[in-house]
Amino acid sequence: GASPPRAATAAKAGGGEEDEGGLAPSEVEKEVGNKWFKKGNYAKAIEHYTKAIRLDRTVPAYFSNRAMSLLKLQRFAEAEADANQVLKLDAASVKGLFRRGCAQEGLGNKAEALADFQQILELDANNKEAAEKVAALKGGAGTS
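Calculation notes
- Residues numbered from 1 in each chain as written.
- Predicted model: local features only at pLDDT ≥ 70, side-chain atom pairs only at ≥ 80, totals over all residues.
- Heavy atoms only, no water.
- Phe/Tyr/Trp six-rings, centres within 6.5 Å; stacked < 30°, edge-to-face > 60°.
- Lys NZ or Arg CZ within 6 Å of the ring centre and 35° of its normal.
- Helix = DSSP H or I, 4+ residues; strand = E, 2+ residues; numbered from the N terminus.
- Expected span 1.5 Å × (residues − 1).
- Buried < 20%, exposed > 50% of the residue type's maximum accessible area, 1.4 Å probe, protein only.
- Contact = heavy atoms within 4.5 Å.
- Axes fitted to C-alpha atoms, helices over the stretch in contact; angles between N-to-C directions.
- Left-handed = near helix turned anticlockwise from the far one by under 90°.
- Nonpolar A, V, L, I, M, F, W, Y, C, P; charged D, E, K, R; others polar.
- Salt bridge = Lys/Arg side-chain N within 4 Å of Asp/Glu carboxyl O.

1. Brief notes about the packing of aromatic side chains
Applying the stated rule across the entire model yields two aromatic pairs. Positioned above the aromatic ring of W36 is the side chain of K39, whose terminal nitrogen or guanidinium carbon lies 5.0 Å from the ring centre.

If you want it as C-alpha cells, here you go:
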C-alpha cells in the first residue's frame, strides 16, 4: 500500500492558524507578506517574506518580494543581496535583475545598475521600465 508522503503531515505542523486551502506554510507566509505589501506596510511584509525564506530558500519569488519591500524602505544593500539570491536561483529572472538594478542605482553604482537594466533588455527587448532606466542612467541623473 502506498502510504502518503511524510511531507504532507510535516507541512501541517509548521503552518500558523491561517491555512490558505492547503498551501505550503512558506506560501502562506508569502501570501500574508503580499497582503501587507499591498497595504504599504513594507516592514510587516519583510517579516513574512523572511519567514517564507526560512521555510524554503529555493523559491526565487520570496527573495524577489522581499527585495521589492526593502527597496521601498530604501534599504538598498539588503535589497541587492536578495536580488543576488534571486539570480542565483534563476539567472534569467527579469524581476531579479530589475530589483538589483534599482538597488545598485540606490547605492549610487550607476555602471552596475546600467548593466542590469541592459541585460533585461537583452532578455526582453520590449521591457519599457528597463528601457526608461537605461535612458535615464545614460542621460545622467537629474533630468526628470
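2. A look at helix α4 (residues 60-72)
When the terminal C-alpha atoms of α4 are compared, their 19 Å separation across 13 residues agrees well with the 18 Å that a helix rising 1.5 Å per residue should span. Listing the buried residues of α4 in full gives Y62, F63, S64, N65, R66, A67, S69, L70 and L71. For α4, the secondary structure elements touched by its buried residues are α2 (25-39), α3 (42-55), α5 (76-89) and α6 (94-106). Looking one or two places after α4, you find Q74, whose phi comes out positive at around 60°.

3. A look at the packing of helix α7 (residues 110-123) against helix α8 (residues 128-138)
Running from N to C, α7 and α8 cross one another at 145°; their axes reach a closest spacing of 9 Å. Where α7 crosses over α8, the two elements pack in a sense that is left-handed. Judged by residue contacts, K110, A113, L114, F117, Q118, I120 and L121 of α7 engage A130, A131, K133, V134, L137 and K138 from α8. In terms of residue class, the contact of α7 with α8 is built from nine nonpolar, one polar and three charged.

4. Concerning the pattern of salt bridges
Scanning the entire structure with this criterion turns up seven salt bridges. Between K44 and E47 there is a salt bridge; the shortest N-O distance is 3.7 Å. Note that K44 and E47 are positioned in helix α3 at a spacing of three residues, about one turn of the helix. Across the pair R75 and E78 runs a salt bridge whose closest N-O atoms are separated by 2.9 Å. On the basis of relative accessibility, which here comes to 32%, the residue R75 falls in the partly exposed class.

5. Let's talk about the environment of Q104
With respect to the secondary-structure elements, Q104 resides in helix α6. Residues Q104 and A77 lie 27 residues apart in sequence; the distance between their C-alpha atoms is 8.1 Å. Setting aside chain neighbours within four positions, we find Q104 in contact with E80, N109, E112, A113 and D116.

6. What about the environment of G106?
Take G106: it is sitting in helix α6. Counting along the chain gives 30 residues from G106 to F76, while the straight-line C-alpha distance between them is 5.9 Å.

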